[in-house]
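The chain contents come next:
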Amino acid sequence: MKDFNFYTPTRVVFGRESEEKVADLVKQYGGKRVLVHYGGGSARRSGLLEKMVKLLNEADIYTVELGGVVPNPELTMVRRGIELCRKEQVDFILAVGGGSVIDSAKAIGYGVPYEGDVWDLWDGKAVPQACLPVAAVLTIPAAGSEMSSSCVITNDEAGMLKRGVNSDLCRCKFAIMNPERTYTLPAYQTAAGATDIMMHTMERYFCAHQDMMLTDAISEALLRTVKDCAVEVLKRPNDYRLRAQIMWAGSLAHNDLTECGGEKDFATHKLEHELSAMFGVTHGAGLAAMWGSWARYVMPRHVNRFVQFAVNVMGVECDYTDLSATALRGIEAVEDFYRTLGMPTSIPELLGRPVTPGEIDEMVDKCSHGGKLAYGSLEKIDTTAMTAIYNMANK
């Protein structure tokens, strides 16, 4: 078991009509001039954006709005937000949306007090030293950004480089979560979100430190819950109980709880980041397309861990005479689950075509920072392994 320091300061306000408390919460954290940051038209069409602004204004909180965040949030928007915040003397950022909006808000929060080029923080030239207070009104359970220390941005000015920065400075002061706000999510987005939630836990479960029984049990329960609820919620999208389980699981999957005593692997995430950066695919769908190939690549050297996962999470019966076969059936069961949700299990299914050898080389180069970096806790994935896994997923 690895020593750990668990820190999760975000205040969670969960339940029906929880968004009614937004003004009081902003005031509690010192907000007087607020950037309300959002994505496409859904926040406005649903009336949520208008309601948030109205509640803030009625409490004598000044607001300025910035919309247009896209999936895989881009540096260009971050720069616009930094400029606007400085001009309007913003002292608090409220993200209304999902992980992309929250990550964009975090990046803006980093950039306002930083005197250099904000991309320095993602390019490894500087580390965050300050961040404007950020909070979230969550509408899409998936990325877990509402409780995580992570912020992932795509540099659309330099060949679509997708990079992440982790710092406790950007953790949301509060997260408002009303499961009713997720009723209208399209089935595909619901499925991709559930996939992302499970992958955040699986990326921690499959690590080099495997003797933390309690954390394992928490992880396995979370994975089983999301697996079961995701299938049912596609049949009953207005079921509050199902939506609530998924929404809360999204936060617990990425607030580091399931990492206590372990260590993030995140190799699959790094491989997928290059897919979504290059092709603009939905992150959860990209993860589904990549995970099976990563799992098959590393499983032969970590059979027991995959057997535990197969039995305790996927409900596979253990064949004690052939543990490798049991482990493989667990991987296949995950892929069958993805197919049930309508998720892809390969790159051609994801994109509608295979990627070219040149595209694989480019993704490997970007993922490895020109061959300088390898990723993974369960097993280090270097450029040779990256190429092999992309090729496996390309069939």
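Look up a bit, the structure's there.
Can you explain the packing of helix 7 (residues 213–233) against helix 8 (residues 240–253)? Please cite residues and give values.
Between helix 7 and helix 8, the least distance of the axes is 9 Å, while the angle of their chain directions is 140°. One finds that helix 7 runs oblique with respect to helix 8. Helix 8 is crossed by helix 7, and the crossing has left-handed handedness. The segment helix 7 lies against helix 8, with Leu222, Thr225, Val226, Cys229, Ala230, Glu232 and Val233 engaging Leu242, Arg243, Gln245, Ile246, Ala249, Leu252 and Ala253. Broken down by class, the residue content of the contact of helix 7 with helix 8 amounts to 10 nonpolar, two polar and two charged.

Hey, could you go over the packing of aromatic side chains for me, with residue numbers and the actual values?
Inspection of every chain in the model, using the stated rule, returns 15 aromatic pairs. Aromatic pair tryptophan 119 and tryptophan 122: ring centres 6.2 Å apart, planes at 10°, arrangement stacked. The two residues tryptophan 119 and tryptophan 122 agree in class, both being buried. In textbook terms, an aromatic cluster arises when at least three aromatic residues are bridged by ring pairs, as seen for Tyr205, Phe206, Trp291, Trp294, Phe306 and Phe309.

Lay out the environment of valine 303 with the relevant residues and their values.
Looking at the element boundaries, valine 303 is found in helix 11 (residues 303–312). Among the residues examined, valine 303 registers a relative accessible area of 15% and is labelled buried. Sequence-wise, valine 303 and alanine 325 are 22 residues apart; in three dimensions their C-alpha atoms are separated by 9.3 Å. The residues contacting valine 303, other than those within four sequence positions of it, are Leu323, Ser324 and Ala327.

Describe the nonpolar core, naming the residues involved and giving the relevant values.
Of all hydrophobic cores here, the largest spans 66 residues; its most connected members are Met202, Phe206, Trp291, Trp294, Phe306, Phe309 and Tyr338. No other element matches the nine residues that helix 10 (residues 283–298) contributes to this core. Other than its neighbours up to four places away in sequence, tyrosine 338 contacts Thr195, Met199, Met202, Ala288, Trp291, Met343 and Thr345. Counting 39 residues, the second largest nonpolar core, distinct from the first, contains Ile82, Cys85, Val112 and Cys172.

How would you sum up the pattern of salt bridges? Please name residues and give values.
This model, assessed by the stated rule, comprises 26 salt bridges. Residues arginine 79 and aspartate 117 are paired through a salt bridge, measuring 2.8 Å at the closest nitrogen-oxygen approach. Taken as a pair, arginine 79 in helix 4 (residues 75–88) and aspartate 117 in the loop between helix 5 (99–111) and strand 5 (134–138) lie far apart in primary sequence, 38 residues in all. What makes aspartate 117 partly exposed here is its relative accessible area of 34%. Each of Asp168, Arg171, Arg204, Asp256, Glu259 and Lys264 takes part in one network of salt bridges that share partners.

Can you lay out the sheet that holds strand 5 for me, pointing to particular residues and giving the numbers?
Sheet architecture is open: six strands sit in the order 1-8-5-4-2-3, paired in parallel fashion. Pairing within the sheet leaves two strands with one partner each, and these edge strands are strand 1 (11–14) and strand 3 (62–66). Taking the axes of each pair of neighbouring strands and ignoring which way they run, one obtains an average angle of 20° across the sheet. As judged from the four bridges shared by strand 1 and strand 8 (residues 174–177), these two strands associate in the parallel manner. Bridged to valine 12 within strand 8 is alanine 175. Contacts from helix 4 reach strand 2 (33–38), strand 3 and strand 4 (92–97) within the one sheet, and its direction differs from that of strand 3 by about 160°.

With reference to specific residues and values, describe helix 11.
Restricting attention to buried positions, one finds in helix 11 the residues Val303, Arg305, Phe306, Val307, Phe309 and Ala310. Residues of helix 11 that are buried sit in contact with helix 6 (187–205), helix 7, helix 10 and helix 12 (323–341).

Which residues make up the environment of alanine 374, and what values go with them?
Along the chain, the position of alanine 374 falls in the loop between helix 14 (357–367) and helix 15 (383–393). Residues alanine 374 and leucine 94, 280 residues apart in the sequence, show an inter-C-alpha distance of 35 Å. Setting aside its immediate chain neighbours within four residues, alanine 374 contacts Lys380, Ile381 and Asp382.

So, the side chain of serine 18: which residues are in play, and what are the values?
As for its position among the elements, serine 18 is in the loop between strand 1 and helix 1 (22–28). In this structure serine 18 comes out as buried when scored by relative accessible area, which is 3%. Reaching out from serine 18, the side chain makes a polar contact with the backbone oxygen of glycine 15 at a distance of 2.9 Å. Here methionine 177 takes part through its backbone oxygen, which lies 3.3 Å from a polar atom of the side chain of serine 18. Excluding anything up to four places from it in sequence, serine 18 contacts Val13, Ile176, Met177 and Asn178.

Procedures and definitions
- Residue numbering note: each chain is counted from 1, following its sequence as written.
- Totals for whole chains, interfaces and linings use every residue, but because this is a predicted model, local features are given only for residues with pLDDT of at least 70 and side-chain atom pairs only at 80 or more, for both listing and counting.
- The side-chain figures draw on all heavy atoms in the structure; neither hydrogens nor water molecules are used.
- Lines fitted to C-alpha atoms define the axes here, with helix axes fitted over just the stretch in contact, and angles between the N-to-C directions of these axes take values from 0 to 180 degrees.
- Secondary structure elements follow DSSP: runs of H or I no shorter than four residues count as helices, runs of E no shorter than two count as strands, and numbering proceeds from the N terminus.
- Note that the term roughly parallel is reserved for angles under 35 degrees, roughly antiparallel for angles over 145, roughly perpendicular for angles of 65 to 115, and oblique for everything else.
- We call a crossing left-handed when the near helix sits turned anticlockwise from the far one by less than a right angle, and right-handed when that turn is clockwise.
- Residues are treated as being in contact if the distance between any of their heavy atoms lies within 4.5 Å.
- Amino acids are sorted into nonpolar (Ala, Val, Leu, Ile, Met, Phe, Trp, Tyr, Cys and Pro), charged (Asp, Glu, Lys and Arg) and polar (every other residue, Gly among them).
- Planes of paired rings set the category: under 30 degrees apart is stacked, over 60 is edge-to-face and the rest tilted, where pairs are Phe, Tyr or Trp rings (Trp by its six-membered ring) whose centres lie within 6.5 Å.
- Exposure is judged per residue with a 1.4 Å probe applied to protein chains only, and the accessible area is read against the type maximum: over 50% gives exposed, under 20% gives buried, and values in between give partly exposed.
- Put simply, a nonpolar core is a bunch of buried Ala, Val, Leu, Ile, Met, Phe, Trp, Tyr and Cys residues held in one set by side-chain atoms that sit within 4.5 Å of each other.
- A pairing counts as a salt bridge when a side-chain nitrogen of Lys or Arg comes within 4 Å of a carboxyl oxygen of Asp or Glu.
- Note on pairing: DSSP must find at least two bridges between two strands before they are called paired.
- Here a polar contact means two N or O atoms within 3.5 Å. Within protein one must be a hydrogen donor candidate and the other an acceptor candidate, and residues neighboring in sequence count only if both atoms are side-chain atoms.

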